[in-house]
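Descriptive structure summary
Each chain, written out:
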Amino acid sequence: MMALLLFGLFFLFMFLRIPIAFSLALSSIIYLLVNGIPLNIVPQRMFGGLNSFVLICIPGFILAGNLMNASGITDRIIKFADSLLGHIRGGLGLANVGASLGFAGISGTALADTASIGSVMIPAMKKKGYDAKFAAAVTSASSVVGPIIPPSLPFIIVGTLATVSIGDLFIAGAVPGFLMGIGLMIPTYLISVKRGYPKGERVPLTGIIKDFFGAFWAIMMVVIILYGILSGFFTPTEASIIAVVYALLVGLFIYRDLNIKDVPSVMLKSMVQAASIMMLVAFANLFGWILTSEGIPTLVANTILSISTNDIVVILLIILLLLIVGTFMETIAALVILFPVLLPVASQIGMDPVQFGVVMVLGLVIGLSTPPVGVCLFVAASIGKVGILTVSKELIPFLLVSLIVLLLVAFVPQITLFLPSLFE
């Protein structure tokens, strides 16, 4: 009964458009008051959720990504992707997906990908004759690659919750991320051919090489982070600080598009973003503690296993839950609440925690581009100046591809576990 009160209040506050962090906080505090539990548990559980050395890397990676963005990296990645793919029919759409693959290693978040890539690519595609709904759909669908390809903020949260190697999670997401990117290029190309979307001129090899070196230093940041973590040279937290120093040096002395006067504003923006994520993690940890004390993880596990003990059915039920939750709940909050609940179920059917972490993140981020309230869908539609319903219909083939990749990751363990096994 008390669990129903907790969830009822939470959904009520969300319906009233109260930010999800405060919806979690308010519903949790009211629950505590009704049950006569001292409110001093609130700061204790909030601090407990944040008291992790690994979580310090979140502000670092956010700052590094913002510094690279301020250095004009978005334009360089788009230019390189366009030089490779622009001569193909629908090449600008393919370049949009390719740019998302490149930008994913810088931002680590889907919304940043949608806003940065979309603000450049959607107007450019419209100008070249692409339908606005198609441009918005491609941008929204491809942005979900952001949290899969390392470095990834959701994977940092999963590593903290499951006490598994963040380096393993980072590299486990590489193959699914590229599968998603390549998969999304298929409907992009087929639709472009069917509708007769334009293609650009072929860029000579010298031009491709020049554009590659324009994006080279951004790509190298991802390589340095992964190699350093996996080889044991530094921890994920240390890697985030190294990424900040690297981004500063590249922006100031190599690209030279980053002005030293811009650094304070970039730092302020990064602090706001990091604080909002940390607050979300803290309140979600309080909410999750209440769920645990109510026995919700055991109840969910028993409910799922009571429906079926067949591994395939259990995995499909988990995926269905993730897709539904991902449409209305912020990814990090959903991870903090659901991961401890669902991990025991996944363990009972023999799923590796690293594989399950990738499945959870992928299942939840697909919801970011799914109606009714996918935030990436809203941002892309807003940039393209087109209706949500119109973009949603255009998204169908892209969502089907995303679901196929999700099912492959869930049912073929080696897709996620092969690369991490090479570094054991």
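Residues numbered from 1 in each chain as written. Predicted model: local features only at pLDDT ≥ 70, side-chain atom pairs only at ≥ 80, totals over all residues. Heavy atoms only, no water.

An unreviewed UniProt entry annotates the protein as Tripartite ATP-independent transporter DctM subunit originating from Salinicoccus halitifaciens. Per its UniProt entry, the protein bears the Subcellular location (unreviewed entry) comment "Cell inner membrane". (UniProt positions renumbered as here; feature names shortened; annotations may be inferred.)

All chains considered together, the criterion is met by 17 aromatic pairs. On the numbers, 5.3 Å between centres and 50° between planes, the contact of F10 with F287 is tilted. Note that F10 is positioned in helix 1 (residues 2–15) and F287 in helix 14 (residues 263–293), a separation of 277 residues in sequence. F287 carries the same exposure label as F10, and that label is buried. Ring centres 5.8 Å apart and planes at 65° place the aromatic pair F212 and F216 in the edge-to-face group. (Phe/Tyr/Trp six-rings, centres within 6.5 Å; stacked < 30°, edge-to-face > 60°. Helix = DSSP H or I, 4+ residues; strand = E, 2+ residues; numbered from the N terminus. Buried < 20%, exposed > 50% of the residue type's maximum accessible area, 1.4 Å probe, protein only.)

Tracing the backbone shows T163 in the loop between helix 9 (153–162) and helix 10 (166–172). By relative accessible area, which is 70% here, T163 ends up exposed. C-alpha separation for the pair T163 and P353, spaced 190 residues apart in sequence, amounts to 9.4 Å.

Once that is clear, we can look at helix 13 (residues 236–254). Here helix 13 spans 25 Å end to end across 19 residues, near enough to the 27 Å set by a 1.5 Å rise per residue. Within helix 13, the full set of buried residues consists of P236, T237, A239, S240, A243, V244, Y246, A247, V250 and G251. Contacts from the buried residues of helix 13 go to helix 4 (57–70), helix 10 and helix 12 (205–230). After helix 13 finishes, the residue R256 shows a positive phi value of roughly 60°. (Expected span 1.5 Å × (residues − 1). Contact = heavy atoms within 4.5 Å.)

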